[in-house]
Amino acid sequence: MLSVAAFAADTGRATGYLGEALSQQEKTFSEKMPKDVFELYQNNIKDQKKAGITKKALKVGDKIPAFNILLNGKSTPISSVFAKGPIVLKFYRGGWCPYCMIELKHYDQLDADFEQANSQILAFSPDTAEVTSQTVSKNELSFDVLSDKNHEISRKFGLVYKVDQKIIDGLKKGGIDLSIYQGNGNNELVIPATYVVDKTGNIAFSFVDVDYRKRAEPSEVLKAVKALK
């Protein structure tokens, strides 16, 4: 059986609005994915919304937690990064997720604009360092994409949840084994999220949604960054 990622639209270089590209991906997914699998994912989104799993996520006005990231081979406090200018923190599910890859490509198209606004994009997923490196290479991403081992950083943001066994089994049937991508058997995922953090470490913009088909439009995030100036 084809993997879930195999149902991604062939976008090449990102063009147009992210929302439009994600809608096209969903259309492709719904047409090609077996009906029972498609319904499984849709029902899971509904269950997550009912459970209110985003309530614990950090929001606008909150100060981000302290943590270190690996930049240019050196362990770097996040505080020393946002002190230089606003940062965009992106949390995505993994290199296996076609929606995430479409999103990252669209942000990459505006990377120069973010840099011109004295801002830096940092993307995190629970994928291993090796898988993350492959994601960067395959998608020709120019901003920093980092491995958040065992969800250590995203957990501080309240974005981690346990994945239902039915979803784990469904992903495996589609060729996606989270334990291989993440290097552990925790069966956890991160809620896709985007944060803009100002020079004091406060969250000035946030977009958190359990519906992985919905993401913040990069141009709107760029506006939020520019508004901080």
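**Concerning the layout of surface pockets**
- When its volume is computed, the second largest pocket comes out at roughly 240 Å³.
- If you go around the second largest pocket, the residues you meet are Asn68, Ile69, Leu70, Ser75, Phe124, Ala129, Leu146, Ser147, Asp148, Lys149, Glu152 and Ile153.
- Listed by contribution, the elements that provide at least two residues to the lining of the second largest pocket are β1 (68-71), β5 (144-147) and α7 (152-156).
- Broken down by element, the lining of the second largest pocket gets its largest block of residues, 3 residues, from β1.
- For the lining of the second largest pocket, a count of residues per class yields 6 nonpolar, 3 polar and 3 charged.

**Thoughts on the confidence of the model for the chain**
- Per-residue confidence for the chain gives a mean pLDDT of 91, with 93% of residues at or over 70.
- With pLDDT under 50 throughout, residues 1-12 is counted as low confidence; its partners more than four residues away or in other chains account for 28 contacts.

**With respect to the side chain of aspartate 148**
- Secondary-structure assignment places aspartate 148 in the loop between β5 and α7.
- Although aspartate 148 is buried, it makes no salt bridge; arginine 155 carries the closest opposite charge, 7.8 Å away.
- Reaching out from aspartate 148, the side chain makes a polar contact with the side chain of serine 154 at a distance of 2.9 Å.
- Non-local contacts of aspartate 148, meaning those with residues more than four positions away in its chain, are made with Phe124, Ser125, Pro126, Asp127, Ile153 and Ser154.

**Regarding the pattern of salt bridges**
- Inspection of the entire model under this criterion finds 8 salt bridges.
- Here glutamate 188 makes a salt bridge to arginine 155, at a shortest N to O gap of 2.8 Å. Here the residue glutamate 188 occupies a position in strand β7 (residues 188-190), and arginine 155 occupies one in helix α7, the gap between them amounting to 33 residues.
- Judged by relative accessible area, arginine 155 falls into the partly exposed class, the value being 40%.
- Two residues, glutamate 220 and lysine 223, come together in a salt bridge whose shortest N-O distance is 3.4 Å. Highlighted residues: glutamate 220 and lysine 223, both in helix α10 (residues 218-227), separated by 3 residues, approximately one helical turn.
- For glutamate 220, a relative accessible area of 40% translates into the label partly exposed.

**Some points on the sheet that holds strand β9 (residues 203-208)**
- The sheet built from 5 strands is open, its strands ordered β5-β4-β3-β8-β9 with mixed pairing. At either margin of the open sheet sits one strand with a lone partner, and together these are β5 and β9. Strand-to-strand, the axes of this sheet are offset by a mean angle of 15 degrees, without reference to chain direction.
- Here 5 bridges tie strand β8 (residues 193-197) to β9, and the two strands are oriented antiparallel to one another. Bridging across to β9, alanine 193 finds its partner in valine 208.
- This element, helix α6 (residues 129-139), spans β4 (120-125) and β5 of the sheet and lies at about 160 degrees to β5.
- This element, α10, spans β3 (87-91), β8 and β9 of the sheet and lies at about 20 degrees to β8.

What counts as what
- Positions within a chain are numbered from 1, following the residues in the order the chain's sequence is written.
- Totals for whole chains, interfaces and linings use all residues, but because this is a predicted model, local features are given only for residues with pLDDT of at least 70 and pairs of side-chain atoms are given and counted only at 80 or more.
- Only heavy atoms go into the side-chain values, all of them from the structure, while hydrogens and water stay out.
- Within this scheme a cavity is a closed region of a 1 Å grid, computed over the protein atoms alone, that accommodates a 1.4 Å probe without allowing it to escape, whereas a pocket is open but has protein on both sides within 12 Å along at least five of seven lines; lining residues each have an atom within 4 Å of a point.
- Grid points are joined across faces, edges and corners, and a volume is the space filled by probe spheres set on the points.
- Only DSSP runs of H or I with at least four residues qualify as helices, and only runs of E with at least two residues qualify as strands; both kinds are numbered from the N terminus onward.
- Residues are grouped as follows: nonpolar covers Ala, Val, Leu, Ile, Met, Phe, Trp, Tyr, Cys and Pro; charged covers Asp, Glu, Lys and Arg; every other residue, Gly included, is treated as polar.
- pLDDT is a residue-level measure of predictor confidence that goes from 0 to 100.
- Residue contacts are defined here by distance: any two heavy atoms, one from each residue, within 4.5 Å place the two residues in contact.
- Working definition: with a 1.4 Å probe on protein chains only, accessible area under 20% of the residue-type maximum means buried, over 50% means exposed, and in between means partly exposed.
- The charge count treats Lys and Arg as positive and Asp and Glu as negative. His and the chain ends do not count.
- For this document, the term salt bridge refers to a Lys or Arg side-chain nitrogen within 4 Å of an Asp or Glu carboxyl oxygen.
- By the criterion applied in these results, polar contacts are pairs of N or O atoms within 3.5 Å in which, for protein atoms, one can donate a hydrogen and the other can accept it, and in which residues neighboring in sequence qualify only through two side-chain atoms.
- A pair of strands counts as paired when DSSP detects no fewer than two bridges linking them.
- What counts as an axis is a line fitted to C-alpha atoms, over the stretch in contact for a helix, and the angles between N-to-C directions run from 0 to 180 degrees.

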